[in-house]
Amino acid sequence: IDDLAEVDYSLNSLPAVFQPFIDLDLKGIISPAGKYIDSPYMAAPFTIPDQSDSMLYLAFSEYFFQTSSFAYYTAGAFNMTIAEEICSYFNISTEIFGSIIPEVAKYSVTPYPVMLKLMATEVPVISLEQDSFTAEIQGFMEVLAVLPDSTTQLLFTMNIAANSSISLNVFDQKLMGSLCLNRLQFSLAHSNVGFFEVSLLENILSYIIQTEVIPSANAKLSKGFPLP
């Protein structure tokens, strides 16, 4: 698929040949690229409804997307660093955070660039729906000041719970996806600047995730999964 994951479309059994159609039972297992790891999920059998107005019907079970989530989580695909020099819309700095949170202004009098480190803490939970699926992602965000000698100083850490939807379509023999963020929740996990109300930061953190993380994810999803 890419440098992080690969897919196994080998047959589970011999093709079943009937007069009006042929059934192909494919594995559809996604694993980290270059190393096979047993998936913690069990594939449940399913059937495609009888229809005859198209030449080909292709169905994916929830298991396919669960193994995808597991593979990309194992490969570290849900981890991301956002630094001042790559932030597209504004320069994130202690000055900006200090204007919202007085504790940051007191802790860091001199303005410094800020780096955000996002990391998933468990495999995203996948729920399959009509033409899409939802992903529940648990993780945390470290907010660090970047000092003049290029070392970093942790300001605070936030727990993150995100709910997102990924719509699906098939184009150019690939399964394509488009990510939409439904809900985002923050809570303070640790702070070196003292306690503050998380609600003060929700707008700016949500904006950064919407403008930096979501477009990056959609750029990867737009490359698609190759179909058998």
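Our subject is the structure that appears above.
Residues numbered from 1 in each chain as written. Predicted model: local features only at pLDDT ≥ 70, side-chain atom pairs only at ≥ 80, totals over all residues. Heavy atoms only, no water.

Chemist: Help me out: how do you make sense of the overall build of the protein in this one?
Modeler: A tally of regular secondary structure across the protein gives four helices and 11 strands. Its C-alpha atoms give the protein a radius of gyration of 22 Å, clearly above 17 Å, the size a compact globule of 228 residues would have. The principal-axis extent of the C-alpha atoms belonging to the protein is close to 80 × 35 × 30 Å. Counting the 228 residues in the protein, one finds 35% classified as buried. Considering only contacts within the protein whose residues lie at least 6 apart along the sequence, 62% involve residues at least 24 apart. Surface accessibility of the protein: about 13,400 Å² in total, with carbon and sulfur atoms responsible for 54%. A gap of 6 Å separates the mean positions of the 8 positive and 24 negative side-chain charges of the protein. (Helix = DSSP H or I, 4+ residues; strand = E, 2+ residues; numbered from the N terminus. Rg over C-alpha atoms; globule rule 2.2 N^0.38 Å. Buried < 20%, exposed > 50% of the residue type's maximum accessible area, 1.4 Å probe, protein only. Contact = heavy atoms within 4.5 Å. Areas by Shrake-Rupley, 256 points an atom, 1.4 Å probe, with all protein chains shown as cover. Lys, Arg positive; Asp, Glu negative; His and termini not counted. Charge placed at Lys NZ, Arg CZ, Asp CG, Glu CD.)

Chemist: Please clarify how the side chain of S61 should be interpreted in this entry.
Modeler: The topology assignment puts S61 in the loop between β4 (29-32) and α1 (62-74). Residue classification places S61 among the buried residues on the basis of a relative accessible area of 18%. Apart from the residues within four sequence positions on either side, S61 is in contact with F46 and L128.

Chemist: Teacher, can you tell me more about the side chain of S31 here?
Modeler: Mapped onto the fold, S31 is located in strand β4. Owing to a relative accessible area of 6%, S31 belongs among the buried residues under this scheme. Once residues within four sequence positions are removed from consideration, S31 is found in contact with L4, A5, E6, Y36 and A71.

Chemist: Sorry, what's going on with the environment of L116 here?
Modeler: Of note, L116 is situated in strand β6 (residues 114-120). C-alpha of L116 to C-alpha of I101: the two residues are 15 residues apart in sequence and 16 Å apart in space.

Chemist: How should the pattern of salt bridges be read in this particular structure?
Modeler: Taken as a whole and judged by the stated rule, the model has one salt bridge. The salt bridge involving R183 is made with E136; its shortest N-O contact spans 3.7 Å. Taken together, the positions of R183 in strand β10 (residues 174-191) and E136 in strand β8 (residues 132-146) put the pair 47 residues apart, joining distant regions of the chain. For R183, a relative accessible area of 41% translates into the label partly exposed. The class for E136 is partly exposed, based on a relative accessible area of 30%. (Salt bridge = Lys/Arg side-chain N within 4 Å of Asp/Glu carboxyl O.)

Chemist: What should I look at first to understand the nonpolar core in this one?
Modeler: Nonpolar side chains tend toward joint burial in soluble globular proteins. Judged by nonpolar contacts, the single largest core of 44 residues is most densely connected at F97, L116 and F156. For this core, the secondary structure elements donating two or more residues are α1, β6, β8, β9 (152-171), β10 and α4 (199-221). With seven residues, the single largest contributor to this core is α4. Split by domain, this core shows at least three residues from each of two domains, domain 1 (1-76) and domain 2 (78-227). In this view, F97 contacts V104, V114, L116, V143, F156, L201 and L205; residues no more than four positions away in its chain are not counted. (Core = buried A, V, L, I, M, F, W, Y, C linked by side-chain atoms within 4.5 Å. Domains from an automatic or database assignment.)

Chemist: Teacher, can you tell me more about the layout of surface pockets here?
Modeler: Vacant regions in the atomic arrangement are exposed by a probe of water-molecule size rolled over the atoms. Taken as a whole, the largest pocket encloses approximately 1,600 Å³ of empty space. In this structure, the largest pocket is lined by 39 residues; those nearest its centre are L24, I48, Y57, L58 and A59. Looking at the lining of the largest pocket, the elements that each hand over two or more residues are β3 (22-23) and α1. Here the residues of the lining of the largest pocket sort into 26 nonpolar, nine polar and four charged. Residue contributions to the lining of the largest pocket reach at least three from each of two domains, namely domain 1 (1-76) and domain 2 (78-227). When its volume is computed, the second largest pocket comes out at roughly 1,100 Å³. In terms of lining residues, the second largest pocket is bounded by 45 residues, among which A77, F78, I137, L179 and A217 are the most central. (1 Å grid on protein atoms, 1.4 Å probe; cavity = no way out; pocket = protein on both sides within 12 Å on 5 of 7 lines; lining within 4 Å. Points joined across faces, edges and corners; volume = space filled by probe spheres on them. Nonpolar A, V, L, I, M, F, W, Y, C, P; charged D, E, K, R; others polar.)

Chemist: I'm lost on the pairing of β6 in this one. Help?
Modeler: Regular strands place side chains that alternate from one sheet face to the opposite one. Within β6, five of the seven residues are buried, leaving the element largely enclosed by the surrounding structure. Two strands pair when backbone bridges link them, and strand β5 (residues 80-82) and β6 are joined in this way by three bridges, in the antiparallel orientation. Bridging across to β6, I82 finds its partner in L116. Where β6 and β8 come together, seven bridges link them in antiparallel fashion. Note on β8: the bridge partner recorded for V114 is A145. (Pairing = 2+ DSSP bridges.)

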